[in-house]
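A look at the structure
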Amino acid sequence: MTKSKGLFAVFVLMAAIRSAALSTDLILKLPTENQRLQPFWIGLHDRDEEGVFYWLDETQPAKYLSWGPGQPNNFMREDSVGQDCVQINYWSNGSRNWGDQDCGEQVRYICEKYIMSSPLGKKKQSLVVT
Ligand SMILES: *[C@@H]1O[C@H](CO)[C@@H](O)[C@H](O)[C@H]1NC(C)=O
Ligand SMILES: [Ca+2]
């Protein structure tokens, strides 16, 4: 962080996980609740075109994907739209990978925190779980 007197803003976006290395690193750091694993939202979605997944901060489809077996399945429950958002989920053996889910599900988020300082642009600061 510079000490300039320029304007800056902090903003937070659901995280993009663009590599296996980042994914592995992140999964090791995910908190448990009462020692139980839980799912977390990440910033990946196919809201614009079914089956084509984008990170929130990109205009090209995501390249690195880490789907679990049978995912994504756009599984339809009561929601006729299907599942257009993505979680890091878990298996009973403790392994984790990604699955598409109904965007309205209430689980925790993995976010990226940025500091934007004009005219330097966007700088990724850290990953946070909220
Ligand atoms: C854990 O279980 C999942 C789902 O059955 C399976 O795909 C995965 O290979 C298992 N992982 C390990 C490390 O056994
Ligand atoms: Ca979908």
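Residues numbered from 1 in each chain as written. Chains lettered and ligands numbered in written order. Predicted model: local features only at pLDDT ≥ 70, side-chain atom pairs only at ≥ 80, totals over all residues.

**Quick look at the overall build of the chain**
Basically, it comes down to this: Helix and strand definitions follow DSSP, with helices as H or I runs of at least four residues and strands as E runs of at least two, each counted in order from the N terminus. Using C-beta atoms placed from the backbone, we call a residue buried if 20 or more other C-beta atoms fall within 10 Å of its own, exposed if 12 or fewer do, and partly exposed for counts in between. Note on contacts: residues are paired as contacts if their backbone-placed C-beta atoms lie within 7 Å.
Across its full length, the chain holds 1 helix and 7 strands. Secondary structure elements in the chain, listed N-terminal to C-terminal, are β-α-β-β-β-β-β-β. Across the 130 residues of the chain, 21% fall into the buried class. Taking as baseline every contact in the chain between residues at least 6 positions apart, the subset at least 24 positions apart corresponds to 59%.

**Brief notes about the environment of Val52**
Structurally, Val52 can be placed in strand E3 (residues 52-55). Measuring from C-alpha to C-alpha, the distance between Val52 and Ala62 comes to 8.3 Å, with 10 residues separating the pair along the chain. Ignoring sequence-local partners within four residues, the contact set of Val52 consists of Asp46 and Pro61.

**Some remarks on the nonpolar core**
Just so we agree on the cut-off: In this usage, the nonpolar core is the set of buried Ala, Val, Leu, Ile, Met, Phe, Trp, Tyr and Cys residues whose C-beta atoms join them within 7 Å.
Of all hydrophobic cores here, the largest spans 14 residues; its most connected members are Met14, Ala15, Ile42 and Ile110. Contributing elements (two or more residues each) for this core: strand E2 (40-49), E3, strand E4 (85-90) and strand E6 (108-117). In terms of residue count, the dominant contributor to this core is E2 (4 residues). If we ignore the near neighbours within four places in the chain, the residues touching Met14 are Trp41, Ile42, Gly43, Leu56, Tyr109, Ile110 and Cys111.

**Side note on unusual backbone geometry**
For the bond running from Gln71 to Pro72, omega is -5°, close enough to zero to count as cis. Tracing the backbone shows Pro72 in the loop between E3 and E4. Located in the positive-phi region is Asn74, a residue other than glycine, with phi close to 50°.

**A closer look at the site of ligand 1**
Where we set the bar: Any residue whose backbone-placed C-beta atom lies within 6 Å of a molecule or strand is treated as near that molecule or strand. Each residue gets one label: Ala, Val, Leu, Ile, Met, Phe, Trp, Tyr, Cys and Pro are nonpolar, Asp, Glu, Lys and Arg are charged, and the others, such as Gly, are polar.
Surveying the vicinity of ligand 1 reveals the residues Pro69, Trp91, Asn93 and Ser95. Classifying every residue of the shell around ligand 1 gives 2 nonpolar, 2 polar and no charged.

**Here we look at the environment of Asn97**
Considering the arrangement of structural elements, one finds Asn97 in strand E5 (residues 96-101). Overall, Asn97 belongs to the partly exposed group, with 17 C-beta atoms counted inside 10 Å.

That's the geometry; what it means functionally is another story.
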